[in-house]
Amino acid sequence: MENSAAASAPSSPLLASTPSSSPLAAPPPHPSPSPYPPVALAPRTPSSRTVYSGRFIPSRARSNLALFDLATPIPSSPYCELLSAALFGPATPDRVASSAAACSSSSSPQLGTPVSGNIFRFKSEAPRRAKRALFADGDEEGALLATRGARPRKIPRSPYKTLDAPAMQDDLYLNLLDWSSEDVLAVGLGNCVYLWNASSNKVTKLCDLEDDDDVCSVGWAQHGSHLAVGTNQGTVQIWDASRCKRMRTMESHHMRVGALAWSSSLLSSGSRDKSILHHDIRAQEDYVTKLTAHKSEICGLKWSYDYRQLASGGNDNRIFVWNQHSVKPILKDTENKAAVKALAWSPHLHGLLASGGGTTDRCIRFWNTTTNTHLSCMDAGSQVCNLVWSKNINELVSTHGGTQNNIIVWRYPTMSKVATLMGHTDRVLQLAVSPDGQQNIATSAGDETLRFWNVFPPLKFQTSSSLSCVGATSITRSYIR
């Protein structure tokens, strides 16, 4: 009875219970008579063992009392401030005032009033990108993956190879770089075309035009070794790169040919004479169809992956989409405020077209050509020179001029930045992607350099031995010719 009485007595959680100095009195008489006689209890002898309450209270130093505004002021350190900003976001005035009020109320509480009204009430959730400073390298995609618990993909910030490209023309309206399905890169330099074999690292001079002529565009056929070359004189030449032999010359344009695009045996060419010509290399005629809708030079041409639609962009700030056999565009865009050279069809979504505007536009736009609708528009911050999609993952790359001169990898459809690559000292005018199954891109700029970057993840079915060869070349600098 003595032990049960002591346990039922109220006591402080952290104070030891002490025995009574006098014998416990008999229980008070019950209102009803008891048949048993009263029994006197012997006095309790003091015990040397200290008895504590059974309730466990964790260490206050390790408790996050700020969740309930019960925190006491603790001397801060630069490390603690940085860690707090990384995990819970920057210290806003509301948070500072709330913390100060909590500290003052906890230091001098009033009797009979609650310490804080936030007890047993949830606070606002920490920002989704709270781990950005800890895990991300300044890229939005890395921060997003960090908050989801995923590991962000590491993209090298420097090129794995750099080649000198003397006489590279600093002209946005030209297309002087293309990568073939046989892993051969064609580069137009001045009045010459050079071929760089990515497998053997060998450079071959394909052709040399006349002194008063220049290369304005190059374009590989989807399969094989046929290369189309557009010139400043308005001619389109077909070359067999495996034999370094010219197969045909078509003289249908009256001014320079700055854009080329293949669709099986059909070659489309865009010129400064405002026209687009379809050349069937199997026919005797120089061209089979002529498209006239642009009011200025055509600087961008791209066939869709199913070869059913052709997108064209011009210096008249317009984008047109054509059917395979139509002479009138099925989609017209006049929203751009600058020339449109950057055009790219998505290999993942049928009918999805991306376009990029020039200096006064700076926007990347997306179109659904199956419904002829404008999907979205995003300000890229600078002149958009080129766009290309990855075939391995739903991402695209844009190259820029103006004040940035950078390369940006975007994840679609969120358009979050996966990586920003710097290195060129002039606007990045040319862009080409390596053949299927690889993950490299090549860029060239007005600084007369050709740089190779490893940006996309490999296909899942590739073996580790084949992947080890990609980008294995050390960072060297050599000449393309």
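All of these numbers come straight from a predicted model, not from anything done at the bench.

Student: Can you lay out the overall build of the protein for me, pointing to particular residues and giving the numbers?
Tutor: For the protein, the helix and strand inventory stands at six helices and 29 strands. A total of 481 residues make up the protein; the buried ones form 44% of that total. When contacts within the protein are restricted to residue pairs at least 6 apart in sequence, long-range pairs at least 24 apart make up 48% of them. Split by element, the accessible area of the protein, about 26,100 Å² in all, is 54% carbon and sulfur.

Student: Residue-level account of the sheet that holds strand β2 (residues 177-179), with values.
Tutor: Spatially, four strands are ordered β2-β3-β4-β5 in an open sheet, and the strand pairing comes out antiparallel. Only two strands of the sheet have a single partner each, and these edge strands are β2 and β5 (202-208). For this sheet the average axis-to-axis angle between neighbouring strands, irrespective of direction, equals 20°. Bridging between strand β3 (residues 184-189) and strand β4 (residues 192-197) involves six bridges; their strand directions are antiparallel. Bridge assignment links A186 to a residue of β4, and that residue is L195.

Student: Give a description of the pairing of strand β15 (residues 309-314) that names residues and reports values.
Tutor: Most of β15 is tucked away, with six of its six residues classed as buried. Here β15 shows a buried face lined by Q309, A311 and G313 and a second buried face lined by L310, S312 and G314. As paired strands, strand β14 (residues 298-303) and β15 are joined by five bridges and run antiparallel to one another. Paired with K302 across the bridge in β15 is A311. Hairpin connection, β14 to β15: the antiparallel pair is bridged by five residues, and Y307 has positive phi, about 60°. The pairing of β15 with strand β16 (residues 319-323) spans five bridges and is antiparallel. Bridge pairing in β16 places G313 opposite I319. Counting the residues that bridge the hairpin from β15 to β16 gives four residues, and of these N317 lies at a positive phi of roughly 65°.

Student: Could you give an account of the sheet that holds β16, with specific residues and numbers?
Tutor: Across the sheet, which stays open at both edges, the four strands sit in the order β14-β15-β16-β17 with antiparallel pairing between neighbours. On the outer flanks of this sheet lie β14 and β17 (331-333), each paired with one strand and no other. Strand-to-strand twist in this sheet, taken as the mean axis angle between neighbours without regard to direction, amounts to 15°.

Student: Provide a residue-level description of the pattern of salt bridges, including the pertinent values.
Tutor: Under the defined criterion, the tally for this structure stands at twelve salt bridges. The partner of R256 in a salt bridge is E297, and the shortest N-O contact between them spans 2.9 Å. Of this pair, R256 sits in the loop between β9 (245-250) and β10 (257-263) while E297 sits in the loop between β13 (289-291) and β14, and the two are 41 residues apart along the sequence. For the residue pair R256 and E297, the accessibility class agrees, reading buried in each case. Notably, a salt bridge pairs E297 with R272, separated by 3.3 Å at the nearest N-O pair.

Student: How would you explain the confidence of the model for the protein if you had to name every residue and give the values?
Tutor: For the protein, the average pLDDT comes to 78, and 66% of its residues sit at 70 or higher. Across residues 1-27 the pLDDT falls below 50, and counting only partners more than four positions away or on other chains, this stretch makes eleven contacts in the model. Contacts of residues 102-138 to residues separated by more than four positions or lying in other chains number 46 contacts, the stretch itself having pLDDT below 50.

Student: How would you explain the nonpolar core if you had to name every residue and give the values?
Tutor: Nonpolar side chains in soluble globular proteins tend to be buried together. Counting residues in hydrophobic clusters, the biggest one holds 33 residues, and the most contacted among them are L185, V193, L195, L227, L450 and F452. When residues of this core are traced back to their parent elements, those giving at least two are β2, β3, β4, β5, β6 (215-220), β7 (226-231) and β28 (449-454). In terms of nonpolar packing, the next biggest core, distinct from the first, is built from 16 residues, A354, A380, L387 and W410 among them.

Student: Residue-level account of the packing of aromatic side chains, with values.
Tutor: This model, assessed by the stated rule, comprises eight aromatic pairs. Both rings, one in Y160 and one in F452, keep their centres 6.2 Å apart while their planes meet at 45°; by these two values the pair is tilted. A residue pair is termed long-range when its members are at least 10 positions apart, and Y160 in the loop between α5 (140-147) and β1 (161-164) and F452 in strand β28 qualify at 292 residues. The exposure class assigned to F452 is buried, which follows from its relative accessible area of 0%. Ring geometry for W179 against W196: centres 6.5 Å apart, planes inclined by 65°, an arrangement best described as edge-to-face. On the criterion of sequence distance, the pair formed by W179 in strand β2 and W196 in strand β4 is long-range, its members being 17 residues apart. For the pair W179 and W196, one class covers both residues: buried. One aromatic cluster is present, built from ring pairs that chain together Y160, W179, W196 and F452.

Student: Please set out unusual backbone geometry residue by residue, giving values where relevant.
Tutor: In this model, Y412 is joined to P413 through a cis peptide bond whose omega is 10°. Its location among the elements puts P413 in the loop between β24 (407-411) and β25 (416-421). The phi angle at Y307 is positive, at roughly 60°, despite the residue not being glycine. Mapped onto the elements of the fold, Y307 is located in the loop between β14 and β15. If you check the backbone angles, N372 has positive phi at about 55° while not being a glycine. Take N372: it is sitting in the loop between β20 (363-368) and β21 (373-379). Taking the relative accessible area as the measure of exposure, N372 reaches 40% and is therefore partly exposed.

Student: Could you give an account of the pairing of β28, naming the residues involved and the relevant values?
Tutor: The buried fraction of β28 is high, at six of six residues. A two-sided burial pattern is seen for β28, the buried positions comprising T449, R451 and W453 on one face and L450, F452 and N454 on the other. As defined by bridge partners, β1 adjoins β28 across four bridges and the pair is classed as antiparallel. Bridge pairing in β28 places D164 opposite T449.

Student: Give a detailed account of a nonpolar patch on the surface, specifying residues and quantitative values.
Tutor: A surface patch of nonpolar side chains, amounting to about 280 Å² of accessible area, comprises Y79, L83 and L87. Looking at where L83 falls in the secondary structure, it is placed in helix α2 (residues 78-88). By relative accessible area, L83 is classed as partly exposed at 31%.

Conventions and cut-offs
Residues numbered from 1 in each chain as written. Predicted model: local features only at pLDDT ≥ 70, side-chain atom pairs only at ≥ 80, totals over all residues. Heavy atoms only, no water. Helix = DSSP H or I, 4+ residues; strand = E, 2+ residues; numbered from the N terminus. Buried < 20%, exposed > 50% of the residue type's maximum accessible area, 1.4 Å probe, protein only. Contact = heavy atoms within 4.5 Å. Areas by Shrake-Rupley, 256 points an atom, 1.4 Å probe, with all protein chains shown as cover. Pairing = 2+ DSSP bridges. Axes fitted to C-alpha atoms, helices over the stretch in contact; angles between N-to-C directions. Salt bridge = Lys/Arg side-chain N within 4 Å of Asp/Glu carboxyl O. pLDDT = per-residue confidence, 0-100. Core = buried A, V, L, I, M, F, W, Y, C linked by side-chain atoms within 4.5 Å. Phe/Tyr/Trp six-rings, centres within 6.5 Å; stacked < 30°, edge-to-face > 60°. Patch = residues over 30% accessible without salt bridge, like charges linked within 9 Å, V, L, I, M, F, W, Y side chains within 5 Å.

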